[in-house]
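Residue-level listing of the chains:
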Amino acid sequence: MTVSILRKLAGALALALMVTYGGAATFTGSPMLEVSQAEAQSGVAGEIPGSPRGALSQAEMWRAVRGGIEGTVSIPDQQAAVLVQSDGEFWRAVKNGPLSQFGGIFLLISVVAIVAFYLLRGRIRIDHGPDPQGRTILRFNALERAVHWLVASSFIVLALTGLNILYGRYVILPIIGPEAFGTLSYYGKLSHNYLGFPFMLGIVMMFLLWVRNNIPGKHDLVWLAQGGGLFSKNLHPPSPRFNAGQKLIFWLVVLGGGSLSASGLALMFPDQIQPWAGTFAFINYFGANLPTDLSMLQETQLSVIWHSFVALVMIGIVIGHIYIGSLGMEGAIDAVGSGHVDLNWAKEHHNLWVEEELAKEGASGSQGGARQPAE
Ligand code: HEM
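How each quantity is defined
- Residues numbered from 1 in each chain as written.
- Predicted model: local features only at pLDDT ≥ 70, side-chain atom pairs only at ≥ 80, totals over all residues.
- Helix = DSSP H or I, 4+ residues; strand = E, 2+ residues; numbered from the N terminus.
- Buried ≥ 20, exposed ≤ 12 C-beta atoms within 10 Å, placed from the backbone.
- Near = placed C-beta within 6 Å.
- Nonpolar A, V, L, I, M, F, W, Y, C, P; charged D, E, K, R; others polar.
- Expected span 1.5 Å × (residues − 1).
- Contact = placed C-beta atoms within 7 Å.
- Axes fitted to C-alpha atoms, helices over the stretch in contact; angles between N-to-C directions.
- Left-handed = near helix turned anticlockwise from the far one by under 90°.
- Bend = angle between axes of the 7 residues up to and from the residue.
- Core = buried A, V, L, I, M, F, W, Y, C linked by C-beta atoms within 7 Å.
- Parallel < 35°, antiparallel > 145°, perpendicular 65-115°, else oblique.
- pLDDT = per-residue confidence, 0-100.

A.B. asks: Run through the overall build of the protein, naming residues and quoting values.
C.D. replies: Assigned secondary structure in the protein consists of twelve helices and three strands. Per-residue burial for the protein yields a buried fraction of 16% across its 375 residues.

This is how it looks when you write it as structure tokens:
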């Protein structure tokens, strides 16, 4: 009786051992139960890193892991081969720290500066008053106006949806709650992705239409030295079609918008577009020593930082442009509204351009420049 029980127990034990051995051999892929270093995640096969009680220090191994040690994976996402990407921590600290904080402060300063300017200077009027006969001059044709509004409307939605991505969870989420914020952010992100394309088209067209009027010229320094005459009445430095301030806005929009577009495309297509290694290699020609061997994830992290930085600078400056183009200056909005601006406004702000237009009109006998008001 006792012998048969012992025999059964020994049989069960042997079976359990065989099953365990079979499982282990299948798992390790070796009848000798050898475990590769990577599988064991430590120098000693089967050892738990740090030991179960965490008593064993494995500083070398963790240093290697934190240094971005890379293995191989057979899944499509090759980035999964990096066990821990420690740069991500630095990236998150910069993005949620100085970038967001200084960005927010910069936007606030921009708004406060505009309010202060309005309180001190008030609305900039046409010093000589509107043309007594109501004469106007064509400032921007239909194509120019359409392009302006293509860029402006897409930029405004991109700016608002982008700010929501950066600050929404702190500012909007507590006000409207998680459900509404989820929906808002979902559609916001979709718009942000798709409106990048009309924005890019607008930037290219704006460049082609206006570049010849935005080459820096001899009047620009005088204009800048006199603060564009914006701070005192009856001061109007000579200006061609675009003054120095407008030229700065133009180049900010073209170069900043171009750079926003490039980094935005890199974020949309991280597999195909990785601009930083090349950019750094170019900068290194001038004596810098930037890394040029970047992983896809590092490329993406740099693009996020740059994209947000350029966007914040552009938004802060464009707020000023919107103010001066609408509330801040009598008569300006007509340039991008009907396209015809008051003749006195044009003479005060762009005298050299008006002279040119009137000379052209005189030479051709056409009505392309100044026109009488419609009856
Ligand atoms: C509601 C928003 C906006 C208003 C009211 C506005 C108004 C104006 C006005 C009145 C002008 C013509 C100035 C002149 O005749 O000398 C102008 C030109 C221009 N706008 Fe806008 N704009 C707005 C948004 C934008 C945005 C978002 C951008 C780009 C991101 C932009 C880029 C430009 C550029 C590059 C010019 C030509 C250079 C200049 O005049 O500064 N605008 N805008």
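A.B. asks: Can you lay out the site of the ligand for me, pointing to particular residues and giving the numbers?
C.D. replies: Around the ligand, a shell composed of 20 residues is seen, among which A152, Q246, I249, G325 and A335 lie nearest. Looking at the shell around the ligand, the elements that each hand over two or more residues are α5 (142–171), α8 (244–268) and α10 (296–325). In terms of residue class, the shell around the ligand is made up of 14 nonpolar, five polar and one charged.

A.B. asks: Can you explain α8? Please cite residues and give values.
C.D. replies: Under the 1.5 Å per step criterion, the end-to-end length of α8 is 35 Å for 25 residues, consistent within 8% with the ideal 36 Å. Taken as a whole, α8 has its buried residues at A244, Q246, K247, I249, V253, G257, L260, S263, G264 and A266. Along its buried surface, α8 packs onto α5, α6 (173–210), α7 (218–225) and α10.

A.B. asks: Could you give an account of the environment of G316, with specific residues and numbers?
C.D. replies: Inspection of the secondary structure puts G316 in helix α10. Judged by C-beta crowding, with 18 C-beta atoms within 10 Å, G316 ranks as partly exposed. Linking G316 and G103, residues 213 residues apart in sequence, is a C-alpha distance of 8.8 Å. The contact partners of G316, leaving out residues within four places of it in the chain, are F106, L107 and S110.

A.B. asks: Now, about the environment of N284: what can you tell me, with residues and values included?
C.D. replies: Take N284: it is sitting in helix α9 (residues 276–284). You can call N284 partly exposed: it has 13 C-beta atoms within 10 Å.

A.B. asks: Before we move on, can you summarise the packing of α5 against α6 with the specific residues and values?
C.D. replies: In contact at an axis separation of 6 Å, α5 and α6 are set at 145° when each is read in the N-to-C sense. Handedness of the crossing formed by α5 with α6: left-handed. The residue inventory of the contact of α5 with α6, partitioned by class, reads 17 nonpolar, eleven polar and three charged.

A.B. asks: Which residues make up unusual backbone geometry, and what are the values?
C.D. replies: With phi around 60°, N234 is a residue other than glycine that occupies positive phi space. Mapped onto the elements, N234 comes out in the loop between α7 and α8. Of the residues examined, N234 has 8 C-beta atoms within 10 Å and is grouped as exposed.

A.B. asks: Can you tell me about α6, naming the residues and giving the values?
C.D. replies: For α6, which comprises 38 residues, the first-to-last C-alpha distance of 41 Å sits more than 12% below the rise-based estimate of 56 Å (1.5 Å per residue). Along its length, α6 shows its largest kink, about 85°, at E179. Within the sequence span of α6, burial applies to G188, F199, G202, I203, M206 and W210. Those residues of α6 hidden inside the fold are in contact with α5 and α8.

A.B. asks: I'd like a rundown of the nonpolar core, residues and numbers included.
C.D. replies: Residues V151, M206 and A311 are the most contacted members of the largest nonpolar core, which totals 17 residues. Going through the elements one at a time, α5, α6, α8 and α10 are the ones with two or more residues in this core. Considering each element in turn, this core owes the most residues, six residues, to α10. Ignoring any residue separated from it by four or fewer positions in sequence, one finds V151 in contact with F199, G202, I203, M206 and V253. Counting eight residues, the second-largest nonpolar core is a separate cluster that includes I137, A335, W345 and A346.

A.B. asks: An account of the packing of α8 against α10 is requested, with residue identities and associated values reported.
C.D. replies: Where α8 meets α10, the closest approach of the two axes is 9 Å, and the angle between their N-to-C directions is 150°. One element, α8, and the other, α10, form an angle in the roughly antiparallel class. Along this stretch, α8 crosses α10, giving a crossing that reads as left-handed. The residues of α10 that touch α8, namely those facing I249, L252, G256, S259, L260, S263, G264, A266 and L267, are E299, T300, S303, V304, W306, H307, V310, A311, V313, M314, I317 and H321. Residue classes in the contact of α8 with α10 are distributed as twelve nonpolar, eight polar and one charged.

A.B. asks: Summarise the confidence of the model for the protein; cite the residues concerned and give the values.
C.D. replies: Predicted confidence across the protein gives a mean pLDDT of 88, with 84% of residues reaching 70 or more. Here residues 37–43 scores under 50 on pLDDT; set against residues more than four positions off or in separate chains, the count is eleven contacts.

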